[in-house]
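# Structural description and commentary
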Amino acid sequence: MVHSNKKFPSGNFFIVPNCIYKEKLKARDFAVYCYLFHRADMKKFNCYPSRSTIAKECCMSEPTVDEAIKVLEDKGLISITHRYDYTNGNRLSNLYTINKIW
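Residues numbered from 1 in each chain as written. Predicted model: local features only at pLDDT ≥ 70, side-chain atom pairs only at ≥ 80, totals over all residues. Heavy atoms only, no water.

### Brief notes about helix α3 (residues 62-74)
Taking 1.5 Å of rise per residue, the 13 residues of α3 would be expected to cover 18 Å, and the 18 Å separating its terminal C-alpha atoms lies within 8% of that figure. Taken together, the buried positions of α3 are V65, A68, I69 and L72. For α3, the buried positions fall inside an angular range of 100 degrees around the axis, keeping them on one side. Facing away from the buried side of α3, by more than 90 degrees, are the exposed residues P63 and D74. Where α3 is buried, its residues meet α1 (27-39), α2 (51-58), β2 (78-81) and β3 (95-98). Just past α3, the residue G76 takes up positive phi, approximately 80 degrees. (Helix = DSSP H or I, 4+ residues; strand = E, 2+ residues; numbered from the N terminus. Expected span 1.5 Å × (residues − 1). Buried < 20%, exposed > 50% of the residue type's maximum accessible area, 1.4 Å probe, protein only. Arc of directions from axis to C-beta. Contact = heavy atoms within 4.5 Å.)

### Overview of α2
Within the span of α2, buried status applies to I54, A55 and C58. Each buried residue of α2 lies within a common arc of 100 degrees when the element is viewed along its axis, so the set occupies one face. Those residues of α2 hidden inside the fold are in contact with α1, α3 and β3. After α2 finishes, the residue C59 shows a positive phi value of roughly 55 degrees.

### A look at the packing of α2 against α3
Two elements in contact, α2 and α3, have axes separated by 9 Å at closest approach and are oriented at 100 degrees. Taken together, the axes of α2 and α3 are roughly perpendicular relative to one another. From α2, R51, S52, I54 and A55 reach across to α3, where they touch E62, V65, D66 and I69. Taken together, the residues of the contact of α2 with α3 sort by class into four nonpolar, one polar and three charged. (Axes fitted to C-alpha atoms, helices over the stretch in contact; angles between N-to-C directions. Parallel < 35°, antiparallel > 145°, perpendicular 65-115°, else oblique. Nonpolar A, V, L, I, M, F, W, Y, C, P; charged D, E, K, R; others polar.)

### Let's talk about the pattern of salt bridges
Inspection of the entire model under this criterion finds six salt bridges. Notably, a salt bridge pairs K70 with D74, separated by 2.9 Å at the nearest N-O pair. Of this pair, K70 and D74 both sit in helix α3, four residues apart, roughly one helical turn. (Salt bridge = Lys/Arg side-chain N within 4 Å of Asp/Glu carboxyl O.)

### Describing the side chain of D29
For D29, the location among the structural elements is in helix α1. On the accessibility criterion, D29 (2% relative accessible area) is buried. Not counting residues up to four positions away in its chain, the partners in contact with D29 are A68, V71 and L72.

### Things to note about the sheet that holds β3
To summarise the sheet geometry, strands pair through backbone hydrogen bonds and adopt either a parallel or an antiparallel arrangement. Spatial ordering of the open sheet is given by β1-β3-β2, a layout of three strands whose pairing is antiparallel. Lying at the two open borders of the sheet, with one neighbouring strand each, are β1 (46-47) and β2. The sheet contact formed by β2 and β3 spans four bridges and is antiparallel. Within the sheet, the bridge partner assigned to T81 lies in β3 and is L95. The strands touched by α1 are β1, β2 and β3; relative to β3, the strand with the most contacts, the crossing angle is about 95 degrees. (Pairing = 2+ DSSP bridges.)

Below is the structure:
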């Protein structure tokens, strides 16, 4: 195998912890985990995409996203904070925090 001296272009990839494979996630759960990890702020490890955005970006339905998020939360891989607009009480997208497993 020949290695190139070229560097990876910045911003064209992201890295997930190798230990995620020990979790034996279904493909849908892994896809949602990777999407959340990709979108997360790397200092606080959190993001707040809507369910519809996650569904669109992961090519799955919103109920399937809900199932994946429940699995990820039950396994302790993510934490969910429900957010509300305090001026009118309307619900906002959830805040997802990637829990450190590395």
